[in-house]
Amino acid sequence: MNGGRNGDVSRQTIGNWSIASFCLSLSVFPLGLAASFLDSMGAWKYVPGRAAVIDVFFATCVLPPIAGAICGHVALRKIAANPELAGNHKYLATAGTFICYILVILWVSYVAFLLIIDIFDIRLINFH
């Protein structure tokens, strides 16, 4: 009952946190594919209040990597407390945490790029 407070965790708990970190890092790709598919079909124009829906959709794309980074850090902290229970979960937690950080950095960079374009009213070159 008191396993989380005293550092007495099982191999299964470490595995669950590690798997959650890795799966959350990869869950952004189906969201991106769904957005790309809807965009290629032109389905966004049929959504009422589409600007708000698109903003919410793309804002939720950053939530899984943030949650994955948190899960990875929890797993790595528990592995540091009990290294003998780590097994191969340390690699999974490290990979999940690393991928999550990269995805969050890419998302924040993309949003910063869009804000800079909007603030300074930069027109991108259109070759059509």
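Residues numbered from 1 in each chain as written. Predicted model: local features only at pLDDT ≥ 70, side-chain atom pairs only at ≥ 80, totals over all residues. Heavy atoms only, no water.

What about the packing of helix 5 (residues 63-81) against helix 6 (residues 89-119)?
Item 1. Where helix 5 contacts helix 6, the axes come no closer than 8 Å and their chain directions differ by 150°. Taken together, helix 5 and helix 6 sit at an angle that is classed as roughly antiparallel. Here helix 5 runs over helix 6; the crossing is left-handed. In contact with Pro-65, Ile-66, Gly-68, Ala-69, Gly-72, His-73, Ala-75, Leu-76 and Ile-79 of helix 5, helix 6 contributes His-89, Lys-90, Ala-93, Thr-94, Thr-97, Cys-100, Tyr-101, Leu-103 and Val-104.
Item 2. Across the contact of helix 5 with helix 6, the residue classes break down as 11 nonpolar, 6 polar and 1 charged. (Axes fitted to C-alpha atoms, helices over the stretch in contact; angles between N-to-C directions. Helix = DSSP H or I, 4+ residues; strand = E, 2+ residues; numbered from the N terminus. Parallel < 35°, antiparallel > 145°, perpendicular 65-115°, else oblique. Left-handed = near helix turned anticlockwise from the far one by under 90°. Contact = heavy atoms within 4.5 Å. Nonpolar A, V, L, I, M, F, W, Y, C, P; charged D, E, K, R; others polar.)

What to know about helix 6
Item 1. Between its terminal C-alpha atoms helix 6 stretches 44 Å, which fits the 45 Å expected from 31 residues at 1.5 Å a residue.
Item 2. Burial in helix 6 covers these residues: Ala-93, Gly-96, Thr-97, Cys-100, Leu-103, Val-104 and Ile-117.
Item 3. At the exit of helix 6 stands Asp-121, carrying a positive phi of roughly 55°. (Expected span 1.5 Å × (residues − 1). Buried < 20%, exposed > 50% of the residue type's maximum accessible area, 1.4 Å probe, protein only.)

A short note on the confidence of the model for the chain
Item 1. Residues with a pLDDT of 70 or more make up 80% of the chain, whose mean pLDDT is 79.
Item 2. Within the chain, helix 5 carries the highest mean pLDDT (91), whereas helix 1 (residues 3-6) carries the lowest (50). (pLDDT = per-residue confidence, 0-100.)

Some points on the packing of helix 2 (residues 11-26) against helix 5
Item 1. Where helix 2 meets helix 5, the closest approach of the two axes is 7 Å, and the angle between their N-to-C directions is 150°. If you check the angle between helix 2 and helix 5, you find them roughly antiparallel. Considering only the axes of helix 2 and helix 5, their crossing is left-handed. Each of Thr-13, Ile-14, Trp-17, Ser-18, Ala-20, Ser-21 and Leu-24 in helix 2 lies in contact with helix 5, whose residues at this interface are Pro-64, Pro-65, Ala-67, Gly-68, Cys-71, Gly-72, Val-74, Ala-75, Lys-78 and Ile-79.
Item 2. Partitioning the contact of helix 2 with helix 5 into residue classes produces 11 nonpolar, 5 polar and 1 charged.

Thoughts on a nonpolar patch on the surface
Item 1. On the surface, a nonpolar cluster with roughly 520 Å² of combined accessible area is contributed by Leu-115, Ile-116, Ile-119, Phe-120 and Ile-122.
Item 2. On the accessibility criterion, Ile-116 (45% relative accessible area) is partly exposed. (Patch = residues over 30% accessible without salt bridge, like charges linked within 9 Å, V, L, I, M, F, W, Y side chains within 5 Å. Areas by Shrake-Rupley, 256 points an atom, 1.4 Å probe, with all protein chains shown as cover. Salt bridge = Lys/Arg side-chain N within 4 Å of Asp/Glu carboxyl O.)

Remarks on the side chain of Ser-18
Item 1. Counting through the fold element by element, Ser-18 comes out in helix 2.
Item 2. Within the local environment of Ser-18, its side chain forms a polar contact with the backbone oxygen of His-89, the two atoms lying 3.2 Å apart.
Item 3. Excluding anything up to four places from it in sequence, Ser-18 contacts Ala-75, His-89, Leu-92 and Ala-93. (Polar contact = N/O pair within 3.5 Å; in protein donor to acceptor, adjacent residues only side chain to side chain.)

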